[in-house]
Structure formats: structure tokens, C-alpha cells
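Observations on the model geometry
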Amino acid sequence: MPNFAVTLVHGPGWDPSRQIRAQDAWDEHAAFMDGLVDDGFIIVGGPLGAGDRTLHVVEAADEHETEARLAKDPWAVAGLLRVGSIEPWALWLDGRH
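Numbering of residues begins from 1 in every chain and follows the order in which that chain's sequence is written. Confidence filtering applies because this is a predicted model: local features only for residues at pLDDT of at least 70, side-chain atom pairs given and counted only at 80 or more, and all residues used for totals across whole chains, interfaces and linings. As a rule here, side-chain values cover all heavy atoms of the structure and leave hydrogens and water aside.

Considerations on the overall build of the chain
As a reminder of what qualifies: Helix numbering and strand numbering both begin at the N terminus, where a helix is a DSSP run of H or I of at least 4 residues and a strand a DSSP run of E of at least 2. Using C-alpha atoms as the atom set, the radius of gyration is obtained and then compared with a globule rule of 2.2 Å times the number of residues to the power 0.38. Each accessible area is a Shrake-Rupley result for a 1.4 Å probe, and residues are judged covered by the shown protein chains and nothing else. Residues scored as positive are Lys and Arg, those scored as negative are Asp and Glu, and His as well as the terminal groups of each chain are ignored. Where a charge sits is defined by one atom per residue type, namely NZ (Lys), CZ (Arg), CG (Asp) or CD (Glu).
A count of helices and strands for the chain gives three helices and four strands. The secondary structure elements of the chain, listed N-terminal to C-terminal, are β-α-β-β-α-α-β. Here the C-alpha atoms of the chain give a radius of gyration of 13 Å, agreeing with the 13 Å that 2.2 N^0.38 yields for 97 residues. C-alpha extents for the chain along the principal axes are approximately 40 × 25 × 20 Å. Only carbon and sulfur atoms are counted for the fraction: they give 54% of the accessible area of the chain, which is about 6,100 Å². Computed over 7 positive and 16 negative side-chain charges, the inter-centroid distance for the chain is 4 Å.

Below you can see the structure in the form of C-alpha cells.
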């Protein structure tokens, strides 16, 4: 199955005065993301740099499946996060065991 590099960026609902785990619906968002990992959809992921963007490597049939699954995130629904980009990624090197 193809892999994609997905960046998520803060949406209009993000409160920049609050840390990531203090944002509204953190527990629901974290549970949702953990479920995507458990399903094998998210291979690796996490915040980049100062945390204003997140990078995930996902395994999905295509970009449409990627968008559809991420759209169900409580933070996407609430406008805290939105998809910044989705790009096909050929993972030629993988040191995870």
C-alpha cells in the first residue's frame, strides 16, 4: 500500500496561548490519533520544530482516503488542525524493527 507524508497545521480554532495538551478536546484528539496508529494508518508522526506543524507518515490507498480519515479527528472537526499537505512518499529506508 502507498505511503504519504502528511503535514497538519494549526487551524483557526487553535489557541496559541495554550500548550498542545491544554488545547480543547486534547484527550479525544489523542485517543483518535492512537487509534490511527493501532489501525496501521499512521506509521510514525509528531510535531515538527516549535510545534506549529506536525508530520505523519501514513499508509493509505490514496490521498482521498488520507483526507477522509484525518477529517474525522475531533481537532479537525473543531478547526484546531487542518491538512497542510499530502505527498506520496517512497520509503526506501526504514530502520525501525
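Now, onward.
Some details on the packing of aromatic side chains
Rules: Ring geometry is summarised as follows: Phe, Tyr and Trp rings, the Trp one being its six-membered ring, pair when their centres sit within 6.5 Å, and such pairs are stacked at plane angles under 30 degrees, edge-to-face over 60 and tilted between the two. With a 1.4 Å probe rolled over the protein chains alone, any residue whose accessible area is under 20% of its type maximum counts as buried; one over 50% counts as exposed, and the rest are partly exposed.
Per the stated rule, a full pass over the model turns up two aromatic pairs. An angle of 85 degrees between the planes, with centres 5.4 Å apart, marks the rings of Trp 14 and Trp 75 as edge-to-face. Taken together, the positions of Trp 14 in the loop between strand S1 (3-10) and helix H1 (26-38) and Trp 75 in helix H3 (residues 74-77) put the pair 61 residues apart, joining distant regions of the chain. Like Trp 14, the residue Trp 75 is buried in the burial classification. For Trp 75, a relative accessible area of 1% translates into the label buried.

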